[in-house]
Amino acid sequence: MEIRSAQKLTWENKLAKGFNTSEVPLEFCLLQGEVAEAFDAWRRTRDNLGEELADIVIYVMSLAEMTGVDLQSAVEQKLAKNAKRTYVKDDASGTLVKVEPA
């Protein structure tokens, strides 16, 4: 399934069930709760991690629809942008740091 199709299905489900379709701040708060649930499922090695991650994606798709973002295009553009970036390992922390183009 393409992201664009899934985004539309997610929106149709929200409309059919009477879920929030207009309060963007509320949707971000609910998304934060889903991220916490996914982390808890991972931390406790529960079998429902996939379901919790799916909930996160569904909330993101809903936010995209609420704000007029074509998530498929946005993800494709961001992946292309990230592919061109260069990263180096920071000696002090060991984490990867983005190298800004000159």
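Whatever comes next refers back to the structure up there.
Residues numbered from 1 in each chain as written. Predicted model: local features only at pLDDT ≥ 70, side-chain atom pairs only at ≥ 80, totals over all residues. Heavy atoms only, no water.

**Q** Mind showing me how you'd approach the overall build of the protein chain here?
**A** Looking only at helices and strands, the protein chain features four helices and two strands. Tracing the protein chain from N to C terminus, the helices and strands come up as α-α-α-α-β-β. Overall, the protein chain is about 50 × 35 × 25 Å in size when its C-alpha atoms are taken along their principal axes. Counting all 102 residues of the protein chain, 23% fall into the buried class. In the structure as shown, the protein chain presents an accessible area of about 7,500 Å², 58% of it carried by carbon and sulfur atoms. Each charge class in the protein chain can be summarised by its mean position, and for the 13 positive and 17 negative side chains these summaries are 5 Å apart. (Helix = DSSP H or I, 4+ residues; strand = E, 2+ residues; numbered from the N terminus. Buried < 20%, exposed > 50% of the residue type's maximum accessible area, 1.4 Å probe, protein only. Areas by Shrake-Rupley, 256 points an atom, 1.4 Å probe, with all protein chains shown as cover. Lys, Arg positive; Asp, Glu negative; His and termini not counted. Charge placed at Lys NZ, Arg CZ, Asp CG, Glu CD.)

**Q** What is the right way to read helix α4 (residues 71-84) from this model?
**A** For an α-helix, 3.6 residues make a turn, and residues three or four places apart therefore share a direction. Counted at 1.5 Å a residue, the expected span for α4 with its 14 residues is 20 Å, and the 20 Å between its end C-alpha atoms agrees. Two or three places before Gln72, at the opening of α4, Asp70 has a side-chain oxygen 3.2 Å from that residue's backbone nitrogen. (Expected span 1.5 Å × (residues − 1). Polar contact = N/O pair within 3.5 Å; in protein donor to acceptor, adjacent residues only side chain to side chain.)

**Q** Which parts of the structure should I look at to understand the pairing of strand β2 (residues 96-99)?
**A** The two faces of the sheet receive side chains in turn, since in a regular strand these alternate between them. In this sheet, β2 lies alongside strand β1 (residues 86-89) in antiparallel orientation, the contact comprising four bridges. Counterpart to Lys89 in the pairing with β2 is Leu96. Connecting β1 to the antiparallel partner β2 that follows it, the hairpin turn spans six residues, and Gly94 within it adopts a positive phi of roughly 80 degrees. (Pairing = 2+ DSSP bridges.)

**Q** Would you mind going over the packing of helix α1 (residues 3-17) against helix α3 (residues 49-67) with me for this structure?
**A** For any two helices packed against each other, one specifies the crossing angle of their axes together with the interaxial distance. Close contact between α1 and α3 brings their axes to 9 Å; oriented N to C, the two are set at 85 degrees. When the axis of α1 is compared with that of α3, the two are roughly perpendicular. Taken together, the residues of α3 that come into contact with α1 (itself represented by Ala6, Gln7, Lys8, Thr10, Trp11 and Lys14) are Ile58, Met61, Ser62, Ala64, Glu65 and Met66. Of the residues in the contact of α1 with α3, the class split is six nonpolar, three polar and three charged. (Axes fitted to C-alpha atoms, helices over the stretch in contact; angles between N-to-C directions. Parallel < 35°, antiparallel > 145°, perpendicular 65-115°, else oblique. Contact = heavy atoms within 4.5 Å. Nonpolar A, V, L, I, M, F, W, Y, C, P; charged D, E, K, R; others polar.)

**Q** Can you help me understand the nonpolar core in this one?
**A** General note: in soluble globular proteins, nonpolar side chains tend to be found buried as a group. Of all hydrophobic cores here, the largest spans five residues; its members are Leu31, Ala38, Ile56, Tyr59 and Leu63. Where this core is concerned, the elements lending two or more residues are α2 (24-43) and α3. If we skip the residues at most four places from it in the chain, Leu63 touches Val24, Glu27, Phe28 and Leu31. (Core = buried A, V, L, I, M, F, W, Y, C linked by side-chain atoms within 4.5 Å.)

**Q** Teacher, can you tell me more about the pattern of salt bridges here?
**A** When charged atoms on two side chains of opposite charge get close, those side chains can pair. Applying the stated criterion across every chain yields a total of seven salt bridges. One salt bridge in this structure joins Arg44 and Asp40, with 2.7 Å as the shortest N-O distance. Classification of Arg44 as partly exposed rests on a relative accessible area of 46%. Two residues, Asp40 and Arg46, come together in a salt bridge whose shortest N-O distance is 2.9 Å. Judged by relative accessible area, Arg46 falls into the partly exposed class, the value being 41%. By sharing partners, the salt bridges in this structure join Asp40, Arg43, Arg44 and Arg46 into a single network. (Salt bridge = Lys/Arg side-chain N within 4 Å of Asp/Glu carboxyl O.)

Spatial relationships are all this shows, so hold off on functional conclusions.
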